[in-house]
Amino acid sequence: MAVSTMHRTWTYQARLDALRETKLAHTREKQQVVGSMNHDDWALILPPPEAREVVKTISGSGMPITDVLIVGFEPKSNHPSGGFFGPKACGENFGALLRAHPAYVDPMSSLLGGYCVNFGSYRKVQWNPDLDYAHLHAEQERYGLATGIGATQHFCQDLALGLELGFGGLLDKIRRYRLRNGPEHADFYDGLESTVLGMQAWIRTNVDAARELAQAEPDPELRDNLLAMAEFNEWLVDGPPRTFREACQWIAWYDVAARMYNGSGSLGRLDVLLQPYYERDVAAGILDDEGAVFHIACLLLLDTAYIQLGGPDANGEDVTGPVSFLVLEAAHRMRVPANVGVSVGEGIDPELTRRGVEIMFEDRTGIPKFLGVVNIARDFGRNGYPLELGRQRAYSGCHWFAIPGREYTLNDCVKINFGAVFQAAWEDMYADTAHAPGVDRLWDLFEGHMRRAIEVLAEGLDYHMAHMHEVFPELVLDLLCHGPIERGLDASNGGVEYVNLCVDGAALATVADSFAALEQRVEAEGRLTWAEIKRHTDSDWAGTDGERARLMMKNIPRYGCGGSRGDEYAVRVTRLFTDLVKGKPTPRGHNMIPGLFSWANTIPMGRALKATPNGRHTGDPISHGANPDPGFREDGAPSAMAVAIASVQPGWGNSAPMQIELDPGLPRGAEGIENITSLIQTHMAMGGTQINMNVLDAAKVLEAHEDPSKYPDLIVRVTGFSAYFASLSPEFRQLVVDRIISEGEGVSRPGGHTVRAGTTLDESAVLGADRRWAFSTSGFSR
């Protein structure tokens with residue numbers, strides 16, 4: 001595949017504009033062919049129509065997705081189930097896919113490559129059926145657990161290893177340690193070697209395509225660019241990068257291969273990695289800032305990888321430098337979905353935060369996010385690690401951090417649905433005729449079920465750690481970790497030095513507000529009896545009396561109001577969860593680290609729940625991460641949200657992000673920038689760990705929700721990830737809309753209705769506004 005051009009003189013910005021238009025064309029085509037994409041805006045480029053097959057599969061994050069395969073490629077099975085398992089089979093099949101993968105060359109870019117298929121979608125059998133854990137299934141389902149069994153990636157490689165060795169050096173290292181460690185590790189080394197050889201073949205395919213395209217390119221500037229890309233990429237087949245541009249290209253090859261293999265997309269501390277190349281090339285007179293921004297922008301275009309800018313080194317010295325600001329500038333000029341995080345905290349250059357806020361307001365793309373790295377490092381030390389080690393952790397995923405190349409984590413893969421735990425306690429309370437219902441009784445049952453849910457998770461995590469290397473080992477990430485090649489062991493099987501399995505809680509506000517509503521309306525005020533509230537929740541608040549009861553339970557001082565019982569219960573639930581997770585390791589001794597984050601699970605976790613006493617309907621989404629529910633207080637004050645979320649931080653090195661939506665009508669001058677910068681810094685000073693922020697025009701978002709084709713380039717930060725709004729399903733768009741309406745002033749929505757600030761869309765039905773709006777997509781195909 002190649003992109004054609006016409007002859008003209010090209011500035012860097014003109015080339016970026018052309019690249020962005022191509023990206024939008026690819027996205028429209030995916031929206032037509034694949035449909036909704038409730039995940040990172042992967043930079044996947046569809047294969048030509050005659051060469052693709054659309055399939056249903058499971059993503060690297062464990063979520064059902066629609067995807068495409070390359071027609072004609074079929075992996076070889078090594079199991080009666082039709083699946084392929086283990087390092088040798090996985091590596092050989094991935095290497096074969098890379099050899100079959102078509103080239104992608106865009107003459108506008110400074111970097112070669114692009115990917116059109118996910119290897120994981122060829123895994124028709126996700127888990128080896130011989131490895132049975134059916135004894136855990138019933139309780140895993142009862143507690144709404146995202147178990148982590150079979151989960152992939154979600155830890156961070158050390159790109160410095162690859163930048164030093166290059167692919168040829170990695171191959172030599174594999175062969176050297178193969179001889180040293182003996183035949184019992186042969187399958188593992190076979191898998192690693194097949195992976196590297198496949199990556200080298202894939203690069204050569206693109207080199208050949210660039211040279212072929214150059215022969216037909218009439219524009220001399222673009223022809224020279226194509227030949228230059230072919231030349232230095234031929235070097236990169238074996239050799240390590242020598243220049244800033246080559247470093248960006250090497251990182252791109254590795255990152256896109258990792259994304260293709262199992263969905264990984266972690267770059268970590270990109271500014272630190274690129275700074276030496278920048279300094280050498282600037283001193284040599286072969287690079288200026290405009291060129292550096294362009295190369296970084298081309299890298300960002302190839303994948304929505306997760307990047308940390310600034311923050312302390314192991315000694316506590318801030319590493320913010322020129323490249324930190326250049327990465328921000330590249331994201332600013334490119335204006336495509338990206339996951340760039342700016343470090344905030346004591347000792348970190350405040351100008352980096354300020355520049356991030358300026359870009360946030362100017363671009364309105366949800367970029368960058370803001371990272372409480374000082375708090376993350378300090379809290380990580382509570383697990384028994386020195387502060388110097390905690391400072392080495394890098395932001396590498398939606399809400400998570402990891403020590404590059406040295407720590408296996410399963411971040412964002414393991415979750416407890418507090419709502420399901422509450423539901424189990426609720427059902428047991430009413431089934432127990434020996435005790436009268438009551439809030440204290442319900443809490444005791446909730447605590448018991450929370451304890452058991454964490455025990456079930458821990459047993460499942462041990463099962464994953466015992467067997468994942470036999471099923472689908474981390475071959476691409478293994479290449480750039482300290483230990484797997486040297487020991488002949490996968491990262492999930494003792495290959496790396498540290499194992500810290502992160503466990504996230506979800507539905508915090510749903511449960512906290514349910515306890516608070518029961519305490520206030522049933523026990524304190526006597527407005528409802530326990531029998532009545534049971535009848536109303538069982539019927540999903542049916543009838544006029546049910547709706548009146550629902551609004552009564554919902555309209556209490558909720559979590560986020562400040563000083564409310566809802567706030568107190570949110571802290572209490574978090575402490576219970578945190579204490580139980582940290583009370584003991586898994587049965588096999590693996591450390592667990594608690595956090596609060598729901599990611600894209602708000603909808604599926606809510607779908608499995610009955611109505612809850614906070615006024616939530618059966619099947620409605622659970623609350624989002626550590627956030628209060630939308631409409632938590634009439635003014636939706638950002639400062640109140642910041643205080644609330646700071647109060648529920650688990651405090652062990654896993655984050656509990658704040659998701660906040662801001663009105664673009666806020667002052668955009670120095671005063672507005674200072675106010676938002678102060679909000680960010682204050683939240684971090686109170687113990688916050690991450691802020692995901694949107695600056696969005698509510699009326700525009702509402703219009704785009706009704707007809708996404710009107711704003712195909714509208715970008716939002718859904719949660720830890722950013723995406724084109726038009727690529728999201730109606731349900732996911734609704735989540736963003738609910739947050740914006742609840743936190744904004746009164747806005748006019750299509751059709752002439754006005755939705756009051758501080759109300760949800762359910763309540764706006766009183767005004768005659770429909771809850772679900774029309775969804776349509778416009779298509780574009782190249």
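Overview of the structure. (Residues numbered from 1 in each chain as written. Predicted model: local features only at pLDDT ≥ 70, side-chain atom pairs only at ≥ 80, totals over all residues. Heavy atoms only, no water.)

**Details of the sheet that holds strand β13 (residues 658–662)**
- Pairing within the open sheet is mixed, and its six strands lie in the order β3-β4-β5-β6-β14-β13. Both outer strands of the open sheet, β3 (266–268) and β13, are each paired with one neighbouring strand and no more. If you compare each strand with its neighbour and ignore which way they point, the axes differ by 20° on average.
- Sheet analysis places β13 next to strand β14 (residues 690–695), joined by five bridges and oriented parallel. Looking at β14, one finds that I660 is bridged to M693.
- The strands touched by helix α10 (residues 322–334) within the sheet are β4 (306–309) and β5 (339–343), with β5 carrying the most contacts at an inclination of about 140°. (Pairing = 2+ DSSP bridges. Helix = DSSP H or I, 4+ residues; strand = E, 2+ residues; numbered from the N terminus. Axes fitted to C-alpha atoms, helices over the stretch in contact; angles between N-to-C directions. Contact = heavy atoms within 4.5 Å.)

**Observations concerning empty space enclosed by the protein**
- Scanning the model with the defined rule gives six cavities of 30 Å³ or more in all.
- Estimated volume of the largest cavity: approximately 230 Å³.
- Looking at the largest cavity, it is lined by 21 residues, and the ones nearest its centre are H26, I45, Y104, L301 and L302.
- Put simply, the parts of the chain that give the lining of the largest cavity at least two residues each are α1 (12–33) and α9 (289–302).
- Among the elements that make up the lining of the largest cavity, the one with the highest residue count is α1 (five residues).
- Tallied by class, residues from the lining of the largest cavity come to 13 nonpolar, five polar and three charged. (1 Å grid on protein atoms, 1.4 Å probe; cavity = no way out; pocket = protein on both sides within 12 Å on 5 of 7 lines; lining within 4 Å. Points joined across faces, edges and corners; volume = space filled by probe spheres on them. Nonpolar A, V, L, I, M, F, W, Y, C, P; charged D, E, K, R; others polar.)

**Quick notes on the nonpolar core**
- Counting residues in each nonpolar core, the largest one holds 218 residues, and the members touching the most others are F370, I416, F418, F446, M450 and L518.
- For this core, the element with the highest residue contribution is helix α15 (residues 439–471), accounting for 16 residues.
- I416 has contacts with L145, V421, M450, A453, I454, L457, V503, D504, G505, A506 and F577, leaving out every residue within four places of it along the chain. (Core = buried A, V, L, I, M, F, W, Y, C linked by side-chain atoms within 4.5 Å. Buried < 20%, exposed > 50% of the residue type's maximum accessible area, 1.4 Å probe, protein only.)

**Notes on the packing of aromatic side chains**
- Taken as a whole and judged by the stated rule, the model has 32 aromatic pairs.
- Summarising the aromatic geometry, the rings of F188 and Y189 are spaced 5.9 Å apart at their centres and angled 65° between planes, so their arrangement reads as edge-to-face. Each member of the pair, F188 as well as Y189, carries the same accessibility label: buried.
- Centre to centre, the rings of F422 and W426 are 5.9 Å apart; their planes meet at 20°, and the pair counts as stacked. Here W426 and F422 lie together in helix α14 (residues 418–431), a separation of four residues that amounts to about one turn.
- A relative accessible area of 2% places F422 in the buried class.
- Judged by its relative accessible area of 8%, W426 is buried.
- Feature note: the residues F422, W426, Y430, W443, F446, F515, W530 and Y569 constitute an aromatic cluster, connected by ring pairs.
- Sitting over the face of the ring of F472, R123 holds its NZ or CZ atom 3.9 Å from the ring centroid. (Phe/Tyr/Trp six-rings, centres within 6.5 Å; stacked < 30°, edge-to-face > 60°. Lys NZ or Arg CZ within 6 Å of the ring centre and 35° of its normal.)

**A few points about the packing of α15 against helix α21 (residues 565–583)**
- For the pair α15 and α21, interaxial distance at closest approach is 9 Å and the crossing angle is 35°. The way α15 lies across α21 gives a crossing that is right-handed. Two secondary-structure elements touch here, α15 through V439, W443, F446, E447, M450, R451 and I454 and α21 through Y569, R572, V573, L576, F577, L580 and V581.
- Split into classes, the residues belonging to the contact of α15 with α21 amount to 11 nonpolar, no polar and three charged. (Left-handed = near helix turned anticlockwise from the far one by under 90°.)

**Some details on the environment of R180**
- With respect to the secondary-structure elements, R180 resides in helix α4 (residues 159–181).
- Owing to a relative accessible area of 55%, R180 belongs among the exposed residues under this scheme.
- Note: C-alpha distance between R180 and E486 (306 residues apart in sequence) is 8.9 Å.

**Structural notes on helix α11 (residues 350–363)**
- The end-to-end C-alpha distance of α11, which contains 14 residues, comes to 20 Å, matching closely the 20 Å that a straight helix rising 1.5 Å per residue would cover.
- The complete set of buried residues in α11 reads L352, T353, R354, G356, V357, I359, M360, F361 and D363.
- Residue D349 occupies the N-cap position of α11, its side-chain oxygen lying 2.9 Å from the main-chain nitrogen of E351.
- Note on α11: the residue one or two positions beyond its end, R364, has a positive phi of about 55°. (Expected span 1.5 Å × (residues − 1). Polar contact = N/O pair within 3.5 Å; in protein donor to acceptor, adjacent residues only side chain to side chain.)

**A word on unusual backbone geometry**
- I367 connects to P368 through a cis peptide bond whose omega is 5°.
- Although it is not a glycine, R335 adopts a positive phi angle of roughly 50°.
- Within the secondary structure layout, R335 lies in the loop between α10 and β5.
- Given the relative accessible area of 38%, R335 is considered partly exposed.

**Considering the pairing of strand β12 (residues 591–596)**
- Among the six residues of β12, six are classified as buried, and the element is accordingly described as predominantly covered.
- Neither face of β12 is left uncovered, since the one carrying N591, I593 and G595 and the one carrying M592, P594 and L596 both have all their residues buried.

**Considerations on the pairing of β13**
- Among the five residues that make up β13, five are buried, leaving the element largely enclosed by the rest of the structure.
- Of the two faces of β13, the one lined by M658, I660 and L662 and the one lined by Q659 and E661 are each fully buried.

**With respect to the pattern of salt bridges**
- Considering all chains together, one arrives at 40 salt bridges under this definition.
- Between R354 and E674 there is a salt bridge; the shortest N-O distance is 2.1 Å. Here R354 is found in helix α11, whereas its partner E674 is found in helix α24 (residues 670–685), with 320 residues between them in sequence.
- E674 sits in the partly exposed class, given a relative accessible area of 42%.
- Across the pair E519 and R565 runs a salt bridge, and its minimum N-O distance is 2.5 Å. Pair noted here: E519 is in helix α18 (residues 508–524) and R565 is in helix α21, with a separation of 46 residues, a long-range link.
- Within this structure, E290, E329, R333, R354, R355, E358 and E674 form a network of salt bridges that share partners. (Salt bridge = Lys/Arg side-chain N within 4 Å of Asp/Glu carboxyl O.)

Honestly, it's all geometry; don't read function into it.
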